[in-house]
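# A look at the structure
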Amino acid sequence: MAQGGAMAGLELSATDFQSPWNNMQHHTEEISSERLLVRRGQPFHITLYFRNRGFQPGLDNIIFVVETGLLPDLAKGTRAVFSMAGGGGPSLWTASLETNRAASLDVSLCAPPMAAVGRYLLKVHIDSFQGSVTAYQLGEFILLFNPWCPGDAVYLDSEPQRQEYVMNDYGFIYQGNKNWIRPCPWNYGQFEENIIDICLELLDKSLNFQVDPATDCALRGNPVYISRVVSAMINSNDDSGVLNGKWSEDYLDGINPAEWTGSVAILRQWHATGCQPVCYGQCWVFAAIMCTVMRCLGIPTRVITNFDSGHDTDGNLIIDEYYDNTGRILENKKDAVWNFHVWNECWMARKDLPPGYGGWQVLDATPQETSNGLYCCGPASVRAIKEGEVDLNYDTAFVFSMVNADCVSWLVHGGKEQRLHRDTNSVGNFISTKSIQSDDRDDITENYKYEEGSPQERQVFLKALQKLKIRRFEGPYRANSPSSKPMPLSQNRPRSLHRPSLRPSDVIQVSLKFQLLDPPNMGQDIRFVLLALNMSLQFKDLKVSLSAQSLLHDGSPLPPFWQDTAFITLCPEEAKTHPCQIPYSKYSQYLSTDKLIHISALGEEKSSPERILVDKIITLTYPAIMINVLGAAIVNQPLSIQVIFSNPLSEQVEDCVLTVEGSGLFKKQQRVLIGVFKPQHRASITLKTVPFKSGQRQIQANLRSNKFKDIKGYRNVYVDLML
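Think of each chain on its own: its residues are numbered from 1, step by step along the sequence as written. Selection of residues for local features in this predicted model requires a pLDDT of at least 70, selection of side-chain atom pairs for listing and counting requires 80 or more, and totals for whole chains, interfaces and linings are taken over all residues. No hydrogens and no water enter the side-chain calculation; it runs on all heavy atoms of the structure.

## What to know about empty space enclosed by the protein
Think of a 1 Å grid over just the protein atoms. A cavity is a set of points where a 1.4 Å probe fits yet cannot get out, a pocket is an open set with protein on both sides within 12 Å along at least five of seven lines, and lining residues have an atom within 4 Å of a point. Grid points are joined across faces, edges and corners, and a volume is the space filled by probe spheres set on the points. Counted under the stated rule, the structure contains two cavities of 30 Å³ or more. Gln 175, Arg 182, Phe 340, Asp 594 and Lys 595 are, among the 14 residues lining the largest cavity, the residues nearest its centre. Every element with two or more residues in the lining of the largest cavity is listed here: β10 (170-177) and β11 (180-187). Under this grouping Gly is polar, as are all residues other than the nonpolar Ala, Val, Leu, Ile, Met, Phe, Trp, Tyr, Cys and Pro and the charged Asp, Glu, Lys and Arg. Considered class by class, the residues forming the lining of the largest cavity number six nonpolar, four polar and four charged. Counting from the N terminus, the helices are the DSSP runs of H or I reaching at least four residues and the strands are the DSSP runs of E reaching at least two. Broken down by secondary-structure element, the contributors of at least two residues to the lining of the second largest cavity are α2 (159-167), β10, β14 (301-311) and β22 (429-434). Of all the elements, β10 adds the most residues to the lining of the second largest cavity, at three residues.

Rendered as structure tokens:
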């Protein structure tokens, strides 16, 4: 008791953030049980312990202070001061008394559902009646987006979707080509040790933060803003971003993009080297890292693959492809059709757009074009893309062209260009993502466009084209230009825009088609036939030039390594096959890492100037790595994992390295040096580990050598808490 009978000021002795319980309630226990990680718009509980006496309402006043960023500011919302007296509205931090004991106090705190996310400092000021005001620093906590809270802009009202798009730490990224779609297993690992800290460091390394840290931190409550910042920071084109992209075949000073099996190793390397970009990434790696960061921050995110993805640089919704008279595809520095392209969709409200355009938004971290001066793309509303509303923010026109551009084929001969065909449905096929809580593939093409060939699809295409013409007429496009009103479509548009041009095969009345005779296994000869069908009642004499060349997955062609000429005479309504074979010895040294072979045939008929072009992309396949789990998987109990792999080639390979990883199973990626591997040889190794997280897990493996880079395999494992 103080002199003169006055009661002593209330003194704080300790604080319990109740991290294990709070984190469980806030779905962050996978990240940590020792640090406090909470989601906005949802209460969390702390206990204050006092040294000299208990809390007395009316006598003592406890004022809480939360601060985030370098320059906390009440006006910007990065500092808040509030007490248990209440009076907080939905946009204010609140505190309420839960339980008052003899020497402790349970308090419930709650961040508003639009608060900036990030690292916060919590302080209290204790003001006792007639006593002095004492200030205490209670400690740090991290605030995240909350897809479980209806007031949050990232609210998702389906628990299975939240489990898949926020909580699932592994998945599949679809690769290959539209005729052969291959799931590539990936370890997102968003809850692994240090990943949350690396994600917050990534925000602090952005150009926006470097230029104006106070404003940047204040805007971190807006998922539209955060998603643009992260999209720019995944690539390193403007900043000290996470990944360097490379699309050539020279990866000697880094890792071939095809070798990666997870995000964790990449993010940890970026952090460990003082934020030096990691070498190298391509579209699926950029999208996978973005998925890890966004799920970690609490924004529902999925990875999307678009097969035959357009890259239209001049905004006319036409992609030109050029061939020579041998059927060889020529390099086009301007436009391209990527064999596949991978981006993200993030779920959020779009208060900056007219009603109805919230929900899934496209974000593309692959550095293709600039947006507001930075290499980022999106968020573009998926619904706006489907409806052709290409003037809505952000970068909707560019994404529209990726799924909906028309493709025009040209023959280049003697310095002249002859148009072969306009194809209105070759771009944007089998748009794919992993299914919810299953390993199946979901085809979501209908989310992006109306059915190819339908009147609605052409109508939307023309609407988008009209808006792009207006934009080009009005001057350079800015990502944040205001929406222009839709203009009525002109009636005298060239006919070819409304419907596909007549195919040369319709004029000549001959069709050509490729058909594989065997599965295209790496190391074996490629056997296929060219099918020629005469649809007329006249004899046809055809000269067909055949060509094969490797492609990079962004559509860039490498020089041809096989060419052939066939002379085919067809009786009326006759069909013939011309057999073809490309030996392994012929293609092996010309193959790119992408394992893509483009075969084409250019046919001409004596009586017609028209040419027929047919092509096919073949993706060569490897035998998968087999993974067996030996015995029951139980948390904190030793587990043996058998990995069986083989060299599919009929030649010796060197520099073999096997990598194995899996969130909750291995603390870090395992690397096994194998060295020389004999032709057609099969081997097995057993790895030992101790699982440290329960529930559904996945093991991912990759085998690389001097001859191949990405023989992959995976195995799902359920880890039990106890026997």
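Once you've had a look at it, read on.
## Re the packing of aromatic side chains
Planes of paired rings set the category: under 30 degrees apart is stacked, over 60 is edge-to-face and the rest tilted, where pairs are Phe, Tyr or Trp rings (Trp by its six-membered ring) whose centres lie within 6.5 Å. In this structure the tally under the stated criterion is 21 aromatic pairs. Considering the side-chain rings of Trp 284 and Phe 340, the 6.0 Å spacing of their centres and the 45 degrees angle between planes classify their relative orientation as tilted. Residue Trp 284 is located in helix α8 (residues 283-297), and its partner Phe 340 is located in strand β17 (residues 336-348); the two are separated by 56 residues in the primary sequence. You can call Trp 284 buried: its relative accessible area is 5%. The class of Phe 340 is buried, set by a relative accessible area of 6%. Ring centres of Phe 514 and Phe 528 lie 5.7 Å apart, and the angle between their planes is 75 degrees; on these two criteria the pair is classed as edge-to-face. Taken together, the positions of Phe 514 in strand β24 (residues 510-516) and Phe 528 in strand β25 (residues 526-534) put the pair 14 residues apart, joining distant regions of the chain. Only protein chains enter the calculation, and the probe is 1.4 Å; a residue is then buried if its accessible area is under 20% of its type maximum, exposed if over 50%, and partly exposed in between. Given the relative accessible area of 6%, Phe 514 is considered buried.

## Things to note about the sheet that holds strand β15 (residues 318-323)
A pair of strands is considered paired only if DSSP assigns at least 2 bridges between the two. Strands sit in the order β16-β15-β20-β21 across an open sheet of four strands; the sheet is mixed. Looking at the sheet topology across the chains shown, the edges are occupied by β16 (329-330) and β21 (416-423). Where β15 lies against strand β20 (residues 406-413), six bridges are found, and the strand directions are parallel. Paired with Ile 318 across the bridge in β20 is Asp 406.

## Comments concerning unusual backbone geometry
Outside of glycine, negative phi angles account for most residues, and trans bonds account for most peptide bonds. Of note, the bond from Cys 279 into Tyr 280 is cis; its omega dihedral lies within 30 degrees of zero at 10 degrees. By the secondary structure assignment, Tyr 280 is in strand β13 (residues 278-281). Put simply, Asn 393 and Tyr 394 share a cis peptide bond, and its omega is -5 degrees. Summarising the element assignment, Tyr 394 is placed in the loop between α9 (382-387) and α10 (396-404). Positive phi values are uncommon outside glycine, yet Lys 595 reaches one of about 60 degrees. Summarising the element assignment, Lys 595 is placed in the loop between α15 (584-587) and β29 (596-605). A residue is classified by how much of its surface remains accessible, and Lys 595, at 6% relative accessible area, is buried. Positioned with a positive phi, Asp 655 is a non-glycine residue whose angle comes to about 55 degrees. Note on placement: Asp 655 falls in strand β33 (residues 653-661).

## Overview of the packing of helix α3 (residues 195-204) against α8
The geometry of α3 relative to α8 is characterised by a closest axis approach of 10 Å and an angle of 100 degrees between their N-to-C directions. As judged from the angle between their axes, α3 and α8 are roughly perpendicular. Residues Ile 195, Ile 196, Cys 199, Leu 200 and Leu 202 of α3 touch α8, and the partners they reach there are Thr 292, Val 293, Cys 296 and Leu 297. Here, axes are lines fitted to C-alpha atoms. For helices the fit covers the stretch in contact, and angles between N-to-C directions go from 0 to 180 degrees. Roughly parallel means an angle under 35 degrees; roughly antiparallel means over 145; roughly perpendicular covers 65 to 115; every other angle is labelled oblique. The contact rule is simple, with two residues in contact once any of their heavy atoms fall within 4.5 Å.

## Notes on helix α7 (residues 264-272)
When we look at burial in α7, the residues that qualify are Val 264, Ile 266, Leu 267 and Trp 270. Angularly, the buried residues of α7 cover 170 degrees about the axis, an arc narrow enough to put them on a single face. Looking at the buried residues of α7, the elements they touch are β11, α3, α6 (223-234), β12 (243-245), β13 and α8. Remark: Gly 274 follows α7 within two positions and exhibits a positive phi of approximately 70 degrees. What the arc covers is the set of directions going from the helix axis to the C-beta atoms.

## Quick notes on the state of the cysteines
A pair of sulfur atoms, both from cysteines and within 2.5 Å, is called a disulfide here. This structure, assessed with the given rule, holds zero disulfides. Cys 376 provides the cysteine sulfur closest to Cys 377, a residue in no disulfide bond, and the two sulfurs are 7.5 Å apart. Under the relative-accessibility criterion, Cys 377 is labelled buried at 6%.

## Some words on the layout of surface pockets
As a volume, the largest pocket reaches approximately 1,300 Å³. As for the largest pocket, its lining consists of 49 residues, of which Glu 321, Tyr 323, Ser 426, His 598 and Asp 615 are closest to the centre. When the residues that make up the lining of the largest pocket are grouped by side-chain class, the tally is 19 nonpolar, 15 polar and 15 charged.

## Observations regarding the nonpolar core
Nonpolar side chains in soluble globular proteins tend to end up buried together. In these notes, a set of buried Ala, Val, Leu, Ile, Met, Phe, Trp, Tyr and Cys residues joined through side-chain atoms within 4.5 Å is what counts as a nonpolar core. By size, the foremost hydrophobic cluster in this structure holds 64 residues, and its most contacted members are Val 230, Ile 234, Ile 289 and Val 293. Sorting elements by how many residues they give to this core places α8 first, with 13 residues. With 55 residues, the next largest nonpolar core counts Ile 508, Phe 528, Leu 658 and Val 719 among its residues.

## Details of the confidence of the model for the protein chain
Predictor confidence is given residue by residue as pLDDT, running from a minimum of 0 to a maximum of 100. When pLDDT is averaged along the protein chain, the result is 91, and 93% of the positions lie at 70 or above. Contacts for the low-pLDDT stretch residues 476-502, under 50 throughout, to residues beyond four places or in other chains number 46 contacts.

## Concerning the sheet that holds strand β9 (residues 133-144)
The strand order β2-β9-β8-β4-β5 describes an open sheet built from five strands, whose pairing is mixed. The open sheet is flanked by β2 (37-39) and β5 (79-83), the only strands paired with a single partner. Sheet twist, expressed as the mean angle between neighbouring strand axes with direction ignored, is 35 degrees. Note that β2 and β9 share three bridges and pair parallel. Its bridge partner being in β9, Val 38 is matched across the sheet by Leu 143. Running at roughly 95 degrees to β9, α3 makes contact with β2, β8 (118-128) and β9 of the sheet.

## Some thoughts on α6
One less than the number of residues in a helix, times 1.5 Å, gives the span that helix is expected to have. Here α6 spans 16 Å end to end across 12 residues, near enough to the 16 Å set by a 1.5 Å rise per residue. Burial analysis of α6 places 12 of its 12 residues in the buried class, the great majority of the element. Buried within α6 we find Pro 223, Val 224, Tyr 225, Ile 226, Ser 227, Arg 228, Val 229, Val 230, Ser 231, Ala 232, Met 233 and Ile 234. Backbone nitrogen of Val 224 and a side-chain oxygen of the N-cap are separated by 2.9 Å at the start of α6; the cap is Asn 222. N or O atoms closer than or at 3.5 Å make up a polar contact, with two conditions inside protein: a donor-capable atom paired with an acceptor-capable one, and, for residues adjacent in sequence, both atoms drawn from side chains.

## Description of the pattern of salt bridges
Think of a salt bridge as a Lys or Arg side-chain nitrogen and an Asp or Glu carboxyl oxygen that are within 4 Å of each other. Per the stated rule, a full pass over the model turns up 37 salt bridges. For Lys 606, the salt bridge is made with Asp 541, and the minimal N-O distance between the two is 3.3 Å. With Lys 606 in the loop between β29 and β30 (611-619) and Asp 541 in strand β26 (residues 540-551), this residue pair connects regions lying 65 residues apart in the sequence. Between Arg 611 and Glu 604 there is a salt bridge, and its shortest N-O distance comes to 3.9 Å. Residue Arg 611 is classed as buried on the basis of its relative accessible area of 14%. The network of salt bridges with shared partners includes Glu 30, Asp 169, Glu 192, Lys 693 and Arg 697.

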